[in-house]
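If you want the building blocks of each chain, they are given just below.
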Amino acid sequence: MSSKDNRFYLGENKEALMIGNEAIVRGCLEAGVGFVAQYPGTPTSDIGETFQMLLKNDAELREYLVHHWAINEAVAVSECVGAAWAGSRVLNPLKHVGLNVASDPLSVIALNGPGPGAMVLVVGADPGSLGSHQEQNDRFYSWMLHLPVIEPWSPQENKDWIKIAFELSEKHDIPVYFRTSTRVAHSRGIVKLGEIQKPKEKHHFTRNIPKYCSLPPHAINNHVRLYERIEEVRKELPKLGLNRYIEGTNTTGIVTSGMPFGYTMEALNQLNLNDVPIMKLGIIYPINYDEIIGFLQKLNRVIIIEELEPFLEVKIAEICHKNNLKVEVIGQKYFPKFGEYSTGLVSEVLAKIFNKQPSQIMLKAQKYYNSFQNIIPKRFPTFCSGCPERATLYAIKKATNDLENTVIAGDIGCYVMSFFPPNECSDFIICMSGGLSAAIGLSSKTDQNIIAFIGDSTFLHTGMAPLAEAVNYDCNIILFIFVNNWVAMTGHQEVVGVTNHKLSISKICEAIGVKWLKVADSYDPHNLIRTIEKAKTKKGVKVIIIRRECALQANRFRQSEIRKLKEQGEKVREIMYVISNCQMCMECARVLGCPAIRRTTINGQEQMQIDQDRCIRCGVCFEICPNHAINKIDLYPFDKEVSFREP
């Protein structure tokens, strides 16, 4: 049965409720996009999820639109430009740190230009590190690579402006940087829709060596041409209507963009500052100097409201200096250069600058918000019940005598949570495959046991290269590769080639030259402990592949199969684990740390209990209980058994 999302088929002038990322997808359909490639990363992952959903349910759409989950961001951006060079309009969504990976090919693509097609990169920033290992200010890439940056703040602007981005890219032969943020991507609003455009199914690549081969002498010529293209965009800005002006009689004005604009408007309303002139920039690079000068000439002070390091502030101050404008530029002196902004923060700072009393409504809201801190208990992020990575950490701690003389090189994936209590396993985390790379250096300078983590998706992303180097130098490292079949941390996208069993990570490791390789199951902790102990006695690179599907996906599949059988009237064998005669040794709760096990009091006696609603029946607690206080109950043992999927 078809489950089409009507919002992506409604005609022009209709309205639909959408989050920012969905609005971007709708805008792409209206712009006639024909190719999308991305590596999943919050906050842009659901752009790809939405495209996948549409393609799954619409055979006609599959005839002219392609979406790829790519191995990494560098591959994705190069895939996109290949399709653009054939004449297609292409989209490359990625998160801010993904831009680091994409920057190598992108630095050349910017020189070449995506023409005859068009190319837009949707970069999801993450002020406050809400879903990332850092909050870098990605806007500075625009200065280095000379990419026009459009910065929307609402779902409607997302939908409308992504179309303008494609038009700019196609007209000026330049990739366009469409910058959102976690809040912009996930905020919700009513979006007025336009007409959907169907792109051509096939295109044609025309040879043009000076344009596409940026090597001497063409590299310099393309660099000159890039400067010319960015200046053409600068001149065109006033015609685009992306910059918004709000008139005011106050001699102190505000320049802002993106989500901080929303915070600013709410804060000014709370402070009853209704006479402040505001310039909301829709394009933050390049900026049109005449527009900025015209706004500043009437002011004594200008406040720059932007998240993270001063980007706009630097350019505004430069314009004031070069044009001898006696305007005080206020920004980082009052606003923090880290963390995510809020209406409360902006309101508090503006109250200081304008010498106003903070809004009583805002103070009351903040007090109300803070009151919940004493009610809601603080918890560390943790692994899901039955997570195979949690069980692996348990085995590692047991095999190393609680990490005695052992260094754990962490990495990016769900296992980043391993440095939180009770596991406290990762000693450092750098970036995708940075753990294995750092382990190579560590192993050459210490006799400690070095254990590195990497996931299946990260291994394909950038992990094969450091593994090849580790093998070449015969580094004394134990590498754990978690093969759970999904890019679990960003929403369970498929791992390219692994989820569909087209690639074998075991065979890749063998081809690279790994001599000592074992495949283990974290749900068999005692055998895994013995495997780790054996690996410690060997020299060189040792690889232990943990083959267990992500517990969430495995349990969803298993429960769906059980429901199907029950609907057919069949009885299903069921396993339950219950605790009795508990000695309160806390092995299950503090050492393993399973969130399905909790402390409770029954008949005045304290004991541990398994929450049957959270337990997925992995059986690890049953295996590791030193007092045999966890009992396995087999219901309907002679009926049909539904096991977890084999990864």
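Residues numbered from 1 in each chain as written. Predicted model: local features only at pLDDT ≥ 70, side-chain atom pairs only at ≥ 80, totals over all residues. Heavy atoms only, no water.

## Details of helix 4 (residues 73-85)
- End to end, helix 4 covers 18 Å across 13 residues, agreeing with the expected 18 Å (1.5 Å per residue, within 8%).
- Every buried residue of helix 4 is accounted for by Glu-73, Ala-74, Ala-76, Val-77, Cys-80, Val-81, Ala-83, Ala-84 and Trp-85.
- Gly-87 lies just past helix 4 and shows a positive phi near 110°. (Helix = DSSP H or I, 4+ residues; strand = E, 2+ residues; numbered from the N terminus. Expected span 1.5 Å × (residues − 1). Buried < 20%, exposed > 50% of the residue type's maximum accessible area, 1.4 Å probe, protein only.)

## Here we look at empty space enclosed by the protein
- Counted according to the given criterion, the structure contains 7 cavities of 30 Å³ or more.
- Contributing elements (two or more residues each) for the lining of the largest cavity: helix 16 (388-399) and helix 23 (620-624).
- Along the lines of polarity and charge, the residues of the lining of the largest cavity split into 13 nonpolar, 3 polar and 2 charged.
- Around the second largest cavity sit 15 residues that line it, and Glu-151, Arg-179, Ser-257, Pro-260 and Glu-307 are the ones nearest its centre.
- Elements with a minimum of two residues in the lining of the second largest cavity: strand 7 (176-181) and helix 11 (258-270).
- A class-by-class count of the residues in the lining of the second largest cavity yields 6 nonpolar, 4 polar and 5 charged.
- Two domains each provide a minimum of three residues to the lining of the second largest cavity, namely domain 1 (6-240) and domain 2 (244-374). (1 Å grid on protein atoms, 1.4 Å probe; cavity = no way out; pocket = protein on both sides within 12 Å on 5 of 7 lines; lining within 4 Å. Points joined across faces, edges and corners; volume = space filled by probe spheres on them. Nonpolar A, V, L, I, M, F, W, Y, C, P; charged D, E, K, R; others polar. Domains from an automatic or database assignment.)

## What to know about the layout of surface pockets
- The volume enclosed by the largest pocket comes to roughly 710 Å³.
- Breaking the lining of the largest pocket down by element, the ones donating at least two residues are helix 5 (98-112), helix 18 (456-472) and strand 18 (486-487).
- With 5 residues, helix 18 is the single largest residue contributor to the lining of the largest pocket.
- Among the residues making up the lining of the largest pocket, the classes are represented as 16 nonpolar, 17 polar and 4 charged.
- When we break the lining of the largest pocket down by domain, the ones giving at least three residues each are domain 1 (6-240) and domain 3 (388-553).
- Taken as a whole, the second largest pocket encloses approximately 490 Å³ of empty space.
- Arg-379, Ala-589, Gly-593, Cys-594 and Pro-595 are, among the 20 residues lining the second largest pocket, the residues nearest its centre.
- Taken together, the elements giving at least two residues each to the lining of the second largest pocket come down to helix 22 (587-592) and strand 23 (597-602).
- Broken down by element, the residue count for the lining of the second largest pocket peaks at 3 residues, all from strand 23.
- Among the residues forming the lining of the second largest pocket, the class breakdown is 10 nonpolar, 2 polar and 8 charged.

## Looking at the sheet that holds strand 26 (residues 640-641)
- The 3 strands lie next to each other as 25-22-26, forming an open sheet whose pairing is mixed. Across the chains shown, the open sheet's two edge strands, defined by having one partner strand only, are strand 25 (630-635) and strand 26.
- As defined by bridge partners, strand 22 (residues 572-579) adjoins strand 26 across 2 bridges and the pair is classed as parallel. Paired with Val-572 across the two strands is Lys-640, which belongs to strand 26. (Pairing = 2+ DSSP bridges.)

## Here's the deal with the side chain of Asn-250
- Position of Asn-250 among the secondary structure elements: in the loop between strand 9 (244-246) and strand 10 (252-257).
- For Asn-250, a relative accessible area of 18% puts it in the buried group.
- A polar atom in the side chain of Asn-250 sits 2.9 Å from the backbone nitrogen of Thr-252.
- In this view, Asn-250 contacts Asp-275, Val-276, Pro-277, Leu-299 and Phe-354; residues no more than four positions away in its chain are not counted. (Polar contact = N/O pair within 3.5 Å; in protein donor to acceptor, adjacent residues only side chain to side chain. Contact = heavy atoms within 4.5 Å.)

## Here we look at a nonpolar patch on the surface
- Taken together, Tyr-368, Phe-372, Ile-375 and Ile-376 make up a surface patch of nonpolar side chains, about 440 Å² in accessible area.
- Residue classification places Tyr-368 among the exposed positions, given a relative accessible area of 56%. (Patch = residues over 30% accessible without salt bridge, like charges linked within 9 Å, V, L, I, M, F, W, Y side chains within 5 Å. Areas by Shrake-Rupley, 256 points an atom, 1.4 Å probe, with all protein chains shown as cover. Salt bridge = Lys/Arg side-chain N within 4 Å of Asp/Glu carboxyl O.)

## Concerning the domain arrangement of the protein
- Along its sequence, the protein is carved into domain 1 (6-240), domain 2 (244-374) and domain 3 (388-553).
- Computed from C-alpha coordinates alone, the two centres of domain 1 and domain 2 are separated by 28 Å.
- In this assembly, 32 residues from domain 1 lie in contact with 29 residues from domain 2.
- Both faces combined, the contact of domain 1 with domain 2 buries some 2,600 Å², and carbon together with sulfur accounts for 62% of it. (Buried area = accessible area lost by both parts, 1.4 Å probe.)

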